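Summary of structural features
Okay, here's what each chain looks like letter by letter:
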Amino acid sequence: MTSATAHARPEPESRNGFSKGREAFRNWRRSRPFWGGLFVLLASIPIIYFPYNDMSVGALRIHMATTAGAGALVIGLLLLALGISVWFQPLIRVFAGIAAIVLSLVSLPVSNFGGFGLGLFPGLIGGALVCSWAPMKVKETAAPEGAAEAFESEADSEFEGPESKLSELMEPEQQETAVEQAGRHDGGE
């Protein structure tokens, strides 16, 4: 067997569980704004982390306890929730994208310059990706030959004109009056 005769992908029955799981994850990932949600999710980590972190540079210890620590926590948790919710509810993508962009911009003054830019920029990029994502269009499969004609003939046979509905709803003398009035409105008589 040469590379020219080898199959590019293994046959479906010969694949193991890992390959099937990987393909299922790929199909799931392609049906929602996965990468935008991941960027928004990752943006929440530095926004939450830096206001509560103690950093030490050599013998110098820096404690970044600010009054906006609670605000940073709220912004980070909201970004975390938006990132996860976009994965499981792709229909809210426009709202979640705009909210992620706004929250990332609000984190600039509230959370130490948006987590020193490590939360700001992924939040903006993720929000834009989530907002701009659109589901793939479903390809229409071709109907078998003759199906369109059968559908049209079936639809024509089920059609009932206004005269049949008129006879069900009105008495004969009312029908004549209605037909005469309709003729006057159409320019007849």
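Small disclaimer: the values here were computed from a predicted structure and weren't measured.

Brief notes about the environment of S31
Checked against the element boundaries, S31 lands in the loop between helix 1 (17-30) and helix 2 (34-49). Under the relative-accessibility criterion, S31 is labelled partly exposed at 34%. For the pair S31 and W87, spaced 56 residues apart in sequence, the C-alpha separation works out to 9.1 Å. Contact partners of S31, with chain neighbours within four places excluded, come to P90 and W133.

Here's the deal with a nonpolar patch on the surface
There is a patch of nonpolar side chains on the surface, built from Y52, L73, L77, L80, I84 and F88 and spanning about 540 Å² of accessible area. Positionally, Y52 belongs in the loop between helix 2 and strand 1 (54-57).

Overview of the environment of G119
Take G119: it is sitting in the loop between helix 5 (112-116) and helix 6 (120-132). With a relative accessible area of 0%, G119 lands in the buried category. Considered as a pair, G119 and F39 are 80 residues apart in the sequence and their alpha carbons are 9.2 Å apart. Contacts of G119, omitting those with residues within four sequence positions, involve A43, P46, I47, S104 and G114.

Considerations on the UniProt feature "transmembrane region" (unreviewed entry) in the protein chain
On the UniProt side, "transmembrane region" (unreviewed entry) is annotated at positions that read residues 34-52, 64-84, 91-110 and 116-134 here. The annotated region residues 34-52 carries 84% helix and 0% strand content, and the separation between its end C-alpha atoms amounts to 29 Å.

Some words on the packing of helix 3 (residues 69-88) against helix 4 (residues 93-110)
Two elements in contact, helix 3 and helix 4, have axes whose closest approach is 10 Å; the angle formed by their N-to-C orientations is 160°. Classified by the angle between their axes, helix 3 and helix 4 sit roughly antiparallel to one another. Helix 3 and helix 4 meet at a crossing whose hand is left-handed. For the pair formed by helix 3 and helix 4, the contact residues are G71, A72, I75, L78, L79, L82 and V86 on the first element and F95, A96, A99, A100, L103, S104, V106, S107 and V110 on the second.

A few points about the environment of G83
Residue placement: G83 occurs in helix 3. Taking the C-alpha atoms as reference points, G83 and W35, separated by 48 residues in sequence, lie 9.5 Å from one another. The contacts of G83, once residues within four sequence positions are left out, are G37, V40 and L41.

Cut-offs applied
- As a convention, each chain's residues are numbered from 1 in the sequence order in which they are written.
- Local features in this predicted model are restricted to residues of pLDDT 70 or higher, and side-chain atom pairs are both shown and tallied only at a pLDDT of 80 or more, whereas totals for entire chains, interfaces and linings draw on every residue.
- Side-chain numbers come from the whole structure's heavy atoms, not from hydrogens or water.
- Note on conventions: DSSP H or I runs of at least 4 residues are helices, E runs of at least 2 residues are strands, and numbering of each starts at the N terminus.
- Residue burial is assigned from relative accessible area. The probe radius is 1.4 Å, only protein chains are included, and a residue is buried under 20% of its type maximum, exposed over 50%, and partly exposed in between.
- In this description, contact between two residues means that some pair of their heavy atoms is separated by no more than 4.5 Å.
- Here, patches come from residues exposed beyond 30% relative accessible area and free of salt bridges, joined within 9 Å for like charges and within 5 Å for nonpolar side chains (Val, Leu, Ile, Met, Phe, Trp, Tyr).
- Only the protein chains shown count as cover for residues, and all accessible areas are computed by the Shrake-Rupley method using a 1.4 Å probe.
- Any carboxyl oxygen of Asp or Glu within 4 Å of a side-chain nitrogen of Lys or Arg constitutes a salt bridge here.
- UniProt positions are given in the numbering used here, feature names are shortened, and annotations may be inferred rather than shown by experiment.
- Between the N-to-C directions of two axes lies an angle of 0 to 180 degrees, each axis being a line fitted to C-alpha atoms and, for a helix, fitted only over the stretch in contact.
- To sort the angles, those under 35 degrees are grouped as roughly parallel, those over 145 as roughly antiparallel, those from 65 to 115 as roughly perpendicular, and the leftovers as oblique.
- The handedness criterion is simple: a crossing whose near helix is rotated anticlockwise from the far helix by less than a right angle is left-handed, and one whose near helix is rotated clockwise is right-handed.

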